[in-house]
Structure formats: structure tokens, C-alpha cells
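Geometric and topological summary
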Amino acid sequence: MLLVSWNVAGLKPVLQRIHMDYGNAANYSAAATSSTGRPNRSTSDTTTVENISSLQKTINKKCNSGNNTSATPIDPFAKYLALHGDITILCLQEHKIPHGQLSSRSEPHRCSSVPGYESFWSCNNSTVPGKSGSTKSRGFNGVVTYAKVGTVQRSSCTPFNDPSLDNQGRCIVTDHGKWVLFNVYVPCGFSREKMRFLRALRKAMQMERDGKNDKGGKRSVVLVGDLNLKHCVEDVYWKNLLVDVDRILGEVASAKAKDTGCEEHNIFCDGVGSGIPHWKVELEKNWNHISTALQTIEAVPRKTTNPSTGESFDKFRARVNANAANDKNDAASSRYVYLGSYEDSEEEALGCYNFDERTYFEDTGENTPANNVVNTAKNSACTTELDNFNNEQQHHAILCRKKNLISIETLTELVSKIVNVFWDEKTQREIAKSEGQLNTDAPDYLWIKKVLEEDGMVDVFRHFYPRADSRFTCWHQLRNKRYTNEGSRIDYTLVDRSLLEFVEKGEGTLRCGPTPYDNPLGEEAALMAATANGMFESGTFAGGGIASAPKSVLDTQFGPTHTGMIYTPPSYSDHIAVSLVFNDRLVSLMGVFTLDEKDAATRKSQPHKKQRSIASFLAPKESVVCQSSS
């Protein structure tokens, strides 16, 4: 049984791409041969176009069988799922389809009704102020689970019993008998709402394990989706790992104090004999200069024009006076340097260079989950949406980010631009290897640590591939980071340890693009997988979106059924899909279910069943419905 999870960043455009790329059988005959008439072999790992073409014939036969003389149109989305190995359960995040479109059956490409599948939806029903005192739906978020008919007995789009959370469209739960599946889209960044959501999610999962849900019976838990957090250094691009600058300053200062021979001449002998690397000595020597320069930081606007619409707007970039530490503090001695890249707001431009300590305020009351993040520094350049904290309430402060915890990329930029000290890539990689870390004080990091260590869940990808390097699931699309594989792994498949015996690695190893690699766990193999051996083309900074890849390149996303990652094309989403394979023993334990359509929670999660679509009224009664195999 194959389970796939994928943040599609908008289901409508993804479906449009799928219909365009896989909407008719002619595409396959065109893809199966090159311009020379020879078979095209540019496919994923061991999967060739002949395999895809053979599968296409199977789909045609399955969907067009029956007494009808005319060929029944094949649903392109169902075909796409079959090409990925006949997916049993598909969990999508950020579908961005309003509830009203589902209930009125006006959703794009009739996506609520995929042949052979039941679909269960959670939509963003929260509202924001509109004009003249009215309100309007946000129209974002949204999660949906597609499951083969007979695999689900109940579902719920309100698992938290808290409208302020349930109405955000971030969680849908499906009941599969012995186990339940949580499909989630966790808020990004760090905010009050994110931690409220994560605490409620953990509580809901534990209630299922304890049998305290309203249906009764203890169930194991599977959690999939975009968790928007990291818990391993291997899950972050190495330049984005963090360095504890204050710890290094202390280390060098301690070594200096012991090196009395150098202190006599007011010189530190570059760490020789003390084991202090040269880069640490340089950092300690120049940090006061860098800190003084950062106190002059400002956001400088630049007028930008959208080439598509002609609209003009401001972008902002941080700037500092690199000579601020000099004795002369006049215009003639100033040397201004720009930091970072242009951002949409002053706060974003300045926020990347705010290294103040952050404190997390959590309500001590069990029934009041309010929390907050504030900067310790009074005049910080960067503020958060949570800075208006009500100190009159009884709260206790928890450190959530140390002072001067800085990424390797940012630290390298600061020393080069402000004090003209240059670290080559070898030095930067040494820093990453010896000092690179995550923010282990972050509340979401502590949350996932508790889920894994205290609640007994297993990160299935890391279970099978503990040393896999640079295997990311999300990249910054606008900056073309996928094409250099500078991303992070924030999409997960977690299972309770009781289910681990039913999880299989699958038919293949990690995908490495069209070309197999001797070391599929290495950095180079990960880059080739993310870019289809460099065949995916990046978008231009002048606008126009990502170029559509040739059919043979798009087909590299297909391959053997496995537990791991599915490298869906960058033109589809800024995320790729992740996969999980259960063995036949779990399938036999599940049996076949009849969906309880009388259950109120289940009905609420299927708004498309409240009204028949126009197409269903017009469809001939003798038409054969395409059913996917179990």
C-alpha cells in the first residue's frame, strides 16, 4: 500500500499542469520516441518510457472495459496517480480551494471526484475583515486526503474541537480501522498560532492512542504533511546551519588567557598550540567591529517594476556603515555596504540581521495556550507580530533563540563585507562540519523532539536513511534554489513505533535522477535527483514563471514504489512529494471498510457530496466508472 504526501502550493495550477502534461494518450506515444524515432531512455532510475507506456495500456483497459462502445475518457489525475505506482492514499497540503466551490461542485477539474477514490477535505473557513465592515474568506491553506474506496470508515475536518484552529483548514483525519492518519499543514515560521496548532495536534494524536476519541478504541497514529520544521542538521542546506558566535568568542578568549607567551606581546599566536582554527581567531578579532557596523543598519528602498503588469513598488535591502567602528565618524570616512537581498518590506530586510536573544512566553494555565515571542533588546530593528505581549498575565519566559546564533552564509557575508576577511568554501564547510547546528531552543524543535522521543513516533525517512545528505523537500522557488539544491526537509512521514513493522523500504533506493549513483546517499546524488541531472530549467528573474520541461524530463518523477521522496517537477510546486510503503500484512489487517456517510464529521469533510455536479446529471446511466485497483 503506497501513501504519498505532497504540498502542492495550489491544487488548481497543479491539476492544470497534470491535464496539460498527461491529459491524453498521445503524449505517451510522443514521449516514447525521440526525434530520431528511437526509444527515449531519459526516465527515472530503472523506469523507462516502455514501462510507462505499458502502464498506460493497463489504465486504458481498466477504465474502458464494459459494454459501452465508445471509449470512456480517462481522468488525467487518476492516470497520474497510477503512474506513480497506483497510490492508495494521497495527502495534499495547500489545496487553496474554497469550501464554497466544493459544496457547489464548481471546483477545478471536478477534483473532488477522482475515479476509484473518496476525498476528504478541510478548507480555510476563517475570515478576515473586508470592505464596509464585511468579512471574506482567506482562501489559503487547505488539506485534502484521497483514499481508495474501501480504505476509510470515517473522517473529520474538526479534530481539535476548537473552531479557531479547525477553521484554518490545516488538518484532516481519516480513520483506517487499526490506525488513523493525520494530514497536516503546519503554520510556517514561528508564531503564537503555530505553537497553538502543534500543541493541539499532539493532544489529538494522543487521544487516538488512548482511545479517548468520540468513536472509542485505541488506534495507532500516522502523521504526514508539511510540518514546517527541522529536527536534523542533515535536513538543512549546510550554509543555512547556525553558528553560536558567543560560544566561539568565549572559546577564543579562554585560549588567549592560557597563551601567556603571546599575551606578553599583546598578540594571540593564531591559535597555534591551542587547537583554535584560524577562522575562529579572525571572527573573535573582528566581532566588535562587525557589531558596531550592525548598529547602523537601515533599510534602503528601491523602486521595482513588475514586467508583466507594469506595476511599480518598493523593495528593501539592508545597508550598514562598515567603517562605523573607526575613530572618525563623518561622511568622508563612511563606507556603506549592502547586506542580503531585496525583500518585500523593511522588516524582512532588517530581520535577517537581528541577532538579539528571543524569549518565548508561554501561559502557565492549562486552558490558556497564549504564547509570545519578544526580543530582549529594547530597540531591536526586527519585531514580530507577537511583540504586543500583555505582561499583566501570569507567564514564564523560556529562551527560544540564543543571542548571536547566525547562519554560516550570513556570517560569511558579514566578515567579508564589513572587515574584508574572506572564507573560501573549504573553510565554510569546515565550519558547518564542526560548528553547524539547528536552533535547539526553538519551541517547534522541542515539540518534534518530544513527539519522537516521548510519544514514540518514528521519522520513517531517517529510519531507513539516517546518513542521507542534502535530501530536501522544499526550496525557495523565486530564488531558484532547487537548481543548486539549497533547501530543507520539512515534509514528513511519521508513524507510531507500533506500526514500524508494517513499513517497507520498497522496491528501490533513494531516487538519484535518471542516472544511478554509486553513493545514492551523497550530496551529488541529491543534487541530480532534485534537478533531474540538470534537465529541469530554472525560471528567469524577469518573470514568466518556470519553463515547461520536455515530456521525457517530466517522466523522471516516476519510478519504483518506495519509502522516500518523489521528485515531482519544479513547475508543479516548490515542494516535492514524500512516500511511505506499507506491507500486505497491514492491508490484510485493515480489511475493507464501508464509509460511514451517516457520521456527521464524515459528512462535514465531504462537502462535494451535498450537491451533484452538472456533469453527473448529464452522464449516461450506462457509462462505466473507472475504478482503480486496491
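What you see is a predicted model; the values in this text were computed from it and never measured. The numbering scheme is per chain: residues are counted from 1 as the chain's sequence reads. Only residues with pLDDT of at least 70 are given local features in this predicted model, and only at 80 or more are side-chain atom pairs given and counted; all residues enter the totals for whole chains, interfaces and linings. As a rule here, side-chain values cover all heavy atoms of the structure and leave hydrogens and water aside.

Before going further, it helps to spend a moment on the nonpolar core. Judged by nonpolar contacts, the single largest core of 85 residues is most densely connected at Trp179, Val222, Ile418, Val495 and Phe582. In this description a helix means any DSSP run of H or I spanning at least four residues, a strand means any run of E spanning at least two, and both kinds are numbered starting from the N terminus. No other element matches helix α10 (residues 278–294), which puts 7 residues into this core. Apart from the residues within four sequence positions on either side, phenylalanine 582 is in contact with Met1, Leu3, Trp179, Val222, Val495, Phe502 and Val503. The set of buried Ala, Val, Leu, Ile, Met, Phe, Trp, Tyr and Cys residues whose side-chain atoms join them within 4.5 Å is what this entry labels a nonpolar core. In this scheme, a residue with accessible area under 20% of its type's maximum is buried, one over 50% is exposed, and one in between is partly exposed, where area comes from a 1.4 Å probe on protein chains only. If you look at the next biggest cluster of nonpolar residues, it comprises 38 residues, including Trp6, Ala78, Leu81 and Cys111. For this analysis, residues touch if any pair of their heavy atoms sits within 4.5 Å.

In this section: the packing of aromatic side chains. Any pair of Phe, Tyr and Trp rings, taking the six-membered ring for Trp, is counted once the centres come within 6.5 Å. Such a pair is stacked with planes under 30 degrees apart, edge-to-face with planes over 60 apart, and tilted for the rest. According to the stated counting rule, one finds 13 aromatic pairs in the structure shown. Each ring, one from tryptophan 279 and one from tryptophan 423, has its centre 5.8 Å from the other, and the planes form 75 degrees; the classification is edge-to-face. Pair noted here: tryptophan 279 is in helix α10 and tryptophan 423 is in the loop between α12 (408–419) and α13 (425–435), with a separation of 144 residues, a long-range link. Among the aromatic residues, those joined into a cluster by ring pairs are Trp6, Tyr22, Tyr80, Phe558 and Tyr572.

In this section: the pattern of salt bridges. Just to be clear on terms, a salt bridge is a Lys or Arg side-chain nitrogen sitting within 4 Å of an Asp or Glu carboxyl oxygen. Tallying each qualifying case throughout the model produces 32 salt bridges. Among the ionic pairs, arginine 105 bridges to glutamate 107, the shortest N-O distance being 3.1 Å. Here aspartate 244 and lysine 402 are joined by a salt bridge, their closest N and O atoms 3.6 Å apart. Within this pair, whereas aspartate 244 is found in strand β11 (residues 242–244), its partner lysine 402 is found in the loop between β17 (395–401) and β18 (405–407), the two being separated by 158 residues in sequence. Judged by its relative accessible area of 9%, aspartate 244 falls in the buried class. Residue lysine 402 is classed as partly exposed on the basis of its relative accessible area of 34%. A single network of salt bridges, built from pairs that share partners, joins Asp235, Asp459, Arg462 and Arg489.

Turning our eyes to something else, we now look at the sheet that holds strand β12 (residues 298–305). The rule for pairing is simple: two strands pair if DSSP sees at least two bridges between them. Sheet architecture is open: 3 strands sit in the order β12-β13-β14, paired in antiparallel fashion. Edge strands, defined here as strands with exactly one partner in the open sheet, are β12 and β14 (336–343). Between one strand axis and the next, the sheet turns by 35 degrees as a mean value, whatever way the strands run. Here strand β13 (residues 312–321) runs beside β14; their pairing, made up of 5 bridges, is antiparallel. An axis is simply a line fitted to the C-alpha atoms; with a helix, the fit covers only the stretch in contact. Between two such axes, the angle follows the N-to-C directions and lies from 0 to 180 degrees.

A negative phi holds for most residues other than glycine; trans holds for most peptide bonds. A positive phi is found at glutamate 94, a non-glycine position, where the angle reads about 55 degrees. Relative to the helices and strands, glutamate 94 resides in the loop between β2 (89–93) and α5 (99–103). Positive phi outside glycine occurs at asparagine 228, with the angle close to 55 degrees. Inspection of the secondary structure assignment puts asparagine 228 in the loop between β10 (220–226) and β11.

Turning our attention to the sheet that holds strand β9 (residues 179–185). Read from one edge of the open sheet, 6 strands run β7-β8-β9-β10-β22-β19, paired in mixed fashion. Of all the strands in the sheet, just β7 (154–156) and β19 (457–459) have a single pairing partner and so form its edges. The average angle at which neighbouring strand axes cross in this sheet is 20 degrees, direction not considered. In terms of strand pairing, β19 meets strand β22 (residues 491–496) through 3 bridges, oriented antiparallel.

What follows is about the confidence of the model for the protein. Scored by pLDDT, the protein comes out at a mean of 83, with 77% of its residues at no less than 70. Here residues 62–70 scores under 50 on pLDDT; set against residues more than four positions off or in separate chains, the count is 12 contacts. pLDDT: the predictor's confidence for each residue, scored from 0 to 100. Predicted confidence is poor over residues 621–630, with pLDDT under 50, and the contacts of this stretch with residues over four places away or in other chains come to 19 contacts.

Attention now moves to the side chain of asparagine 286. You can see asparagine 286 is positioned in helix α10. Note on asparagine 286: relative accessible area 15%, which makes it buried. What asparagine 286 contacts, discounting residues up to four positions off in sequence, is Val419 and Val421.

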